[in-house]
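Each chain, written out:
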Amino acid sequence: MNEQLSDMNELERATRAMDENRWSDAIADLRAIHDRKPDSVDVAGKLGFALSRDERYGEAISIFERLSAKHPQEAKWPYMVGYQYYQQKDWPQAIDWFAKALVPPAARMRSL
């Protein structure tokens, strides 16, 4: 019960920090929750987004690639990987990942 309250407080604090563009604060809280709940897609997605906004693209790529592998039916995750590469001006990688996001879900699940 206390752990759930702690997670909720940290998640609320992280969300507030994200709303205020305080990316480092959001990342710290989201990492703490993610360490305790590594299978939470919501927390991992928010952590990846905050890392991206803080221009920590390599770390964001790692998170989004894991989400893409675990949830191949979701086009959002390969798109987010592509966006990180786009931000780094790594055009070939960005194109590859954007293309994966455009593949129909059943085919994407076979290709990852």
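Quick note: structure is the one above.
Cut-offs applied
- Residues numbered from 1 in each chain as written.
- Predicted model: local features only at pLDDT ≥ 70, side-chain atom pairs only at ≥ 80, totals over all residues.
- Heavy atoms only, no water.
- Phe/Tyr/Trp six-rings, centres within 6.5 Å; stacked < 30°, edge-to-face > 60°.
- Helix = DSSP H or I, 4+ residues; strand = E, 2+ residues; numbered from the N terminus.
- Buried < 20%, exposed > 50% of the residue type's maximum accessible area, 1.4 Å probe, protein only.
- Lys NZ or Arg CZ within 6 Å of the ring centre and 35° of its normal.
- Axes fitted to C-alpha atoms, helices over the stretch in contact; angles between N-to-C directions.
- Parallel < 35°, antiparallel > 145°, perpendicular 65-115°, else oblique.
- Left-handed = near helix turned anticlockwise from the far one by under 90°.
- Contact = heavy atoms within 4.5 Å.
- Nonpolar A, V, L, I, M, F, W, Y, C, P; charged D, E, K, R; others polar.

Enquirer: Sorry, what's going on with the packing of aromatic side chains here?
Expert: Each aromatic ring pair is summarised here by two numbers: the centre-to-centre distance and the angle between the ring planes. As enumerated under the stated definition, the model contains 5 aromatic pairs in all. Geometrically, the ring pair formed by Phe64 and Trp77 is stacked, given 5.9 Å between the ring centres and 20 degrees between the ring planes. Of this pair, Phe64 sits in helix α4 (residues 57–70) while Trp77 sits in helix α5 (residues 76–87), and the two are 13 residues apart along the sequence. Judged by its relative accessible area of 7%, Trp77 falls in the buried class. A cation sits over an aromatic face here: Lys100 above Trp97, 3.9 Å from the ring centre.

Enquirer: What am I meant to see in the packing of helix α2 (residues 23–36) against helix α3 (residues 41–53) here?
Expert: For any two helices packed against each other, the geometry comes down to the angle between their axes and how far apart the axes lie. Two elements in contact, α2 and α3, have axes whose closest approach is 9 Å; the angle formed by their N-to-C orientations is 150 degrees. On the basis of their axis angle, the class for α2 and α3 is roughly antiparallel. In this structure, α2 meets α3 at a crossing whose hand is left-handed. Facing Trp23, Ala26, Ile27, Leu30, Arg31, Ile33 and His34 of α2, the residues of α3 in contact are Val43, Ala44, Lys46, Leu47, Phe49, Ala50, Leu51 and Arg53. Along the lines of polarity and charge, the residues of the contact of α2 with α3 split into 11 nonpolar, 1 polar and 3 charged.

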